[in-house]
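# Observations on the model geometry
Residues per chain are reported as follows:
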Amino acid sequence: KNMVISYNSSKKNQSEDSNINTILFVPCISFGNLSLFKLYLEQIDNEILNNVFLFAVFRNLFNIIQFYFEYLINNGFVFKNKIIENSLILSIQQKDDDTFNYLFDKFNATTSYGFPKLDMIDRLVIEACKNNKIKIVKKLTELILSINKNEDFSLGFICSITRNCIEICEYLLQMNVLICY
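Residues numbered from 1 in each chain as written. Predicted model: local features only at pLDDT ≥ 70, side-chain atom pairs only at ≥ 80, totals over all residues. Heavy atoms only, no water.

### What about the environment of Ala128?
- On the secondary structure map, Ala128 appears in helix α7 (residues 118–130).
- Not counting the four nearest positions on each side in its chain, Ala128 is found in contact with Ile92, Lys133, Ile136, Val137 and Ile168. (Helix = DSSP H or I, 4+ residues; strand = E, 2+ residues; numbered from the N terminus. Contact = heavy atoms within 4.5 Å.)

### Some thoughts on helix α5 (residues 81–92)
- The end-to-end C-alpha distance of α5 is 17 Å, a good match for the 16 Å that 12 residues give at a rise of 1.5 Å each.
- Of all 12 residues making up α5, nine are buried, and the element is well covered by its neighbours.
- By the burial criterion, the buried members of α5 are Ile83, Ile84, Glu85, Ser87, Leu88, Ile89, Leu90, Ser91 and Ile92.
- Looking at the buried side of α5, the elements it contacts are α3 (46–58), α6 (98–109), α7 and α8 (134–147). (Expected span 1.5 Å × (residues − 1). Buried < 20%, exposed > 50% of the residue type's maximum accessible area, 1.4 Å probe, protein only.)

### Thoughts on helix α4 (residues 62–72)
- Every buried residue of α4 is listed here: Ile64, Ile65, Phe67, Tyr68, Phe69 and Leu72.
- Tucked inside the fold, the buried residues of α4 contact α2 (34–40), α3 and α6.

### Structural notes on the confidence of the model for the protein chain
- Looking at the protein chain, the pLDDT average stands at 84 and 81% of residues meet or exceed 70.
- Within the protein chain, the element-level pLDDT minimum falls on helix α1 (residues 17–25), averaging 50, and the maximum on helix α10 (residues 166–174), averaging 95.
- Low pLDDT, under 50, characterises residues 1–21; the stretch is placed with 23 contacts to residues that sit more than four places away or in other chains. (pLDDT = per-residue confidence, 0-100.)

### Comments concerning the nonpolar core
- In this structure, Phe37, Phe53, Tyr68, Phe69, Phe79, Leu88 and Leu103 are the most contacted members of the largest nonpolar core, which totals 56 residues.
- Those elements that place two or more of their residues in this core are α3, α4, α5, α6, α7, α8, α9 (154–162) and α10.
- Sort the elements by how many residues they give to this core and α3 lands first, with nine residues. (Core = buried A, V, L, I, M, F, W, Y, C linked by side-chain atoms within 4.5 Å.)

### Quick notes on the packing of α7 against α9
- Two elements in contact, α7 and α9, have axes separated by 8 Å at closest approach and are oriented at 10 degrees. In terms of their interaxial angle, α7 and α9 are classed as roughly parallel. From α7, Ile126, Cys129 and Lys130 reach across to α9, where they touch Leu155, Gly156, Cys159 and Ser160.
- Among the residues making up the contact of α7 with α9, the classes are represented as four nonpolar, two polar and one charged. (Axes fitted to C-alpha atoms, helices over the stretch in contact; angles between N-to-C directions. Parallel < 35°, antiparallel > 145°, perpendicular 65-115°, else oblique. Nonpolar A, V, L, I, M, F, W, Y, C, P; charged D, E, K, R; others polar.)

In structure tokens:
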């Protein structure tokens, strides 16, 4: 798997160097070296830190991920909502659920992000269905139902059917969630 980290800024006066800067800072965490990351930390702005975080999630660099929550957030770092969603999607795509559970719990505990949002959780359910992640589907379904018992699970159900994820289909039917046939 390869991941290219870049972003498009809506600021017209920002130079093309922004994408280059993001790519330059990725090597400082490529191998999970937290000390090297800390060395460059003062030179990295919030925009690039968001993109570097995605790379850390993509590569499952848990020590870097933890550093964001244990140090950077306490020192003014702010996650963009799209980064929160994309990092959760990337963590769903990993073999185990540990990173997803860690991120989900941390984002959920940080109320300043307004997390969780139903539309985001719906997209996460679909991603979990695509990746046949029953434990994640259960966790997200319980959360959704605690917020809105009438939330539509049709897309997740259809995704599960097309991916032959029988256990997820059975679970959604057992939970008697809203599915519009």
